[in-house]
Amino acid sequence: MNTIPTERSRTDSAASVRPLHRIPRIDDWPKATSEPVATRLAIVDVETDGLDPSRDNVIQIAVAIVDVSQDGRILRVVDHGTGLADPGRQIPAKITKLTGIDNLAVRGKRIKQPALTEFICQAEAVLAHNAGFDSGFCRRLLPGIEHLPWICSFRDVDWLGHGFDGAKLGHLLMQQGLFAPTAHDAIADVEALLALLDSELSTGETVLAEALRTAQEPTTRIFAERAPYETRHELKRFGYRWNPRQKVWWTEIAQVDVHAELALLLRIAPGVRPAQQTMTWHTRHVKD
């Protein structure tokens, strides 16, 4: 038998509903500001015809240049733009399904690399939601931006520690009470990322403030060289990742945790030969 909702249950149900608000359109952001600017960033997203930056191609890139306050708030969108590029080969059907970009859309299109390089170089750093992916493609397409450091809003924010249960862009937006009407289009993803970066964490700090601070802190990458094959499951369990190019398990940690991590590694993988490498926001997202 169905239970008739009582007035109390109706009230409780209403209180548990959280509305989602549409993210601002990129043109809705302020174009000018009278507040002091602490830094200027290039917010970047790329769509590609594959996953390997050494062999695959950018088919769309979007960039927004933003001015940021000392406390990590976006003060204005200085300028933004997007461009398509013909990869000169068939775009896989799964890429077209994901992005909506097919060969007809990019036929004959070309990204003006010198102009785009100059555009991005207005900024003091580049930010992407998965910088490990975007930076490889951007550096190959635009070698003139290689001197710029990178910030990753995917890895440079402690999403789990803040109570989030995932780090995909759309999912994070919804957990912040926001939604984006479209996704997997480069300019739409930049638009979504701007909204996420300017949203607040439970600490009262913006997402961008934490990402900026974390990105600039040096870390140590530890490589479990000569780790016995049979220890691979334990290494993975403790957060190590496999690098197929270097054929080594590795992890990246805060520098204050290095001694404890080495002790753990020697315990779970006897015979291992640990190697260390200091990482900065200039080197962290460079593909091996």
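See above for the structure.
Read on for a plain summary of the structure. Because the structure is predicted, anything quoted here is derived from the model rather than measured. (Residues numbered from 1 in each chain as written. Predicted model: local features only at pLDDT ≥ 70, side-chain atom pairs only at ≥ 80, totals over all residues. Heavy atoms only, no water.)

## Points about the overall build of the protein
Step number 1: In terms of helices and strands, the protein carries 10 helices and 11 strands.
Step number 2: Viewed in the frame of its principal axes, the protein has a C-alpha envelope of about 65 × 60 × 45 Å.
Step number 3: Out of the 288 residues belonging to the protein, those deemed buried represent 45%.
Step number 4: When contacts within the protein are restricted to residue pairs at least 6 apart in sequence, long-range pairs at least 24 apart make up 69% of them.
Step number 5: Element-wise, carbon and sulfur atoms account for 54% of the exposed surface of the protein, whose accessible area totals about 15800 Å².
Step number 6: For the protein, the centre of its 34 positive side-chain charges and the centre of its 37 negative side-chain charges are spaced 6 Å apart. (Helix = DSSP H or I, 4+ residues; strand = E, 2+ residues; numbered from the N terminus. Buried < 20%, exposed > 50% of the residue type's maximum accessible area, 1.4 Å probe, protein only. Contact = heavy atoms within 4.5 Å. Areas by Shrake-Rupley, 256 points an atom, 1.4 Å probe, with all protein chains shown as cover. Lys, Arg positive; Asp, Glu negative; His and termini not counted. Charge placed at Lys NZ, Arg CZ, Asp CG, Glu CD.)

## Points about unusual backbone geometry
Step number 1: Unlike most non-glycine residues, R226 shows phi in positive territory, near 60 degrees.
Step number 2: Mapped onto the elements, R226 comes out in the loop between strand 8 (219–225) and helix 9 (232–237).
Step number 3: Of note, K247 is a non-glycine position whose phi angle comes to about 55 degrees, a positive value.
Step number 4: Using a relative accessible area of 62% as the deciding quantity, one classes K247 as exposed.

## Details of the side chain of E261
Step number 1: For E261, the position within the fold is in helix 10 (residues 258–268).
Step number 2: An unpaired buried charge is present at E261: no salt bridge exists, and R267, the closest side chain of opposite charge, is 9.2 Å distant.
Step number 3: What E261 contacts, discounting residues up to four positions off in sequence, is I222, Y240, T251 and I253. (Salt bridge = Lys/Arg side-chain N within 4 Å of Asp/Glu carboxyl O.)

## Quick look at the pattern of salt bridges
Step number 1: Within the structure shown, the criterion is met by 12 salt bridges.
Step number 2: The salt bridge involving D71 is made with R73; its shortest N-O contact spans 3.2 Å.
Step number 3: Linking R221 and E252 is a salt bridge whose minimum nitrogen-to-oxygen distance equals 2.7 Å. Of this pair, R221 sits in strand 8 while E252 sits in strand 10 (residues 248–254), and the two are 31 residues apart along the sequence.
Step number 4: In the salt-bridge network here, residues are joined through shared partners; they are E35, D71 and R73.

## Overview of the nonpolar core
Step number 1: Counting 37 residues, the largest nonpolar core has L41, I43, V66, I151, W159 and L194 as the members making the most contacts within it.
Step number 2: At the level of elements, strand 2 (39–48), strand 3 (58–68), strand 4 (74–84), strand 5 (125–128), helix 6 (169–175), helix 7 (186–198) and helix 8 (207–215) are the ones that each hand at least two residues to this core.
Step number 3: The biggest single contributor to this core is helix 7, with 8 residues.
Step number 4: Setting aside residues up to four positions removed in sequence, V66 forms contacts with T39, R40, L41, I43, I74, R76, V77, V78 and L194.
Step number 5: Listed in part, the 24 residues of the second largest apolar core include V44, I65, I111 and A128. (Core = buried A, V, L, I, M, F, W, Y, C linked by side-chain atoms within 4.5 Å.)

## Quick look at the packing of aromatic side chains
Step number 1: Across all of its chains, the model carries 3 aromatic pairs by this definition.
Step number 2: When the ring of W159 is compared with that of F164, the centres are 5.0 Å apart and the planes differ by 80 degrees; the resulting orientation is edge-to-face.
Step number 3: For F164, a relative accessible area of 9% translates into the label buried.
Step number 4: With a centroid separation of 5.5 Å and an interplanar angle of 55 degrees, the aromatic rings of W242 and W249 are classed as tilted.
Step number 5: For W249, a relative accessible area of 15% corresponds to the buried category.
Step number 6: Positioned above the aromatic ring of W250 is the side chain of R221, whose terminal nitrogen or guanidinium carbon lies 4.4 Å from the ring centre. (Phe/Tyr/Trp six-rings, centres within 6.5 Å; stacked < 30°, edge-to-face > 60°. Lys NZ or Arg CZ within 6 Å of the ring centre and 35° of its normal.)

Read these as layout, nothing more, since geometry by itself doesn't imply function.
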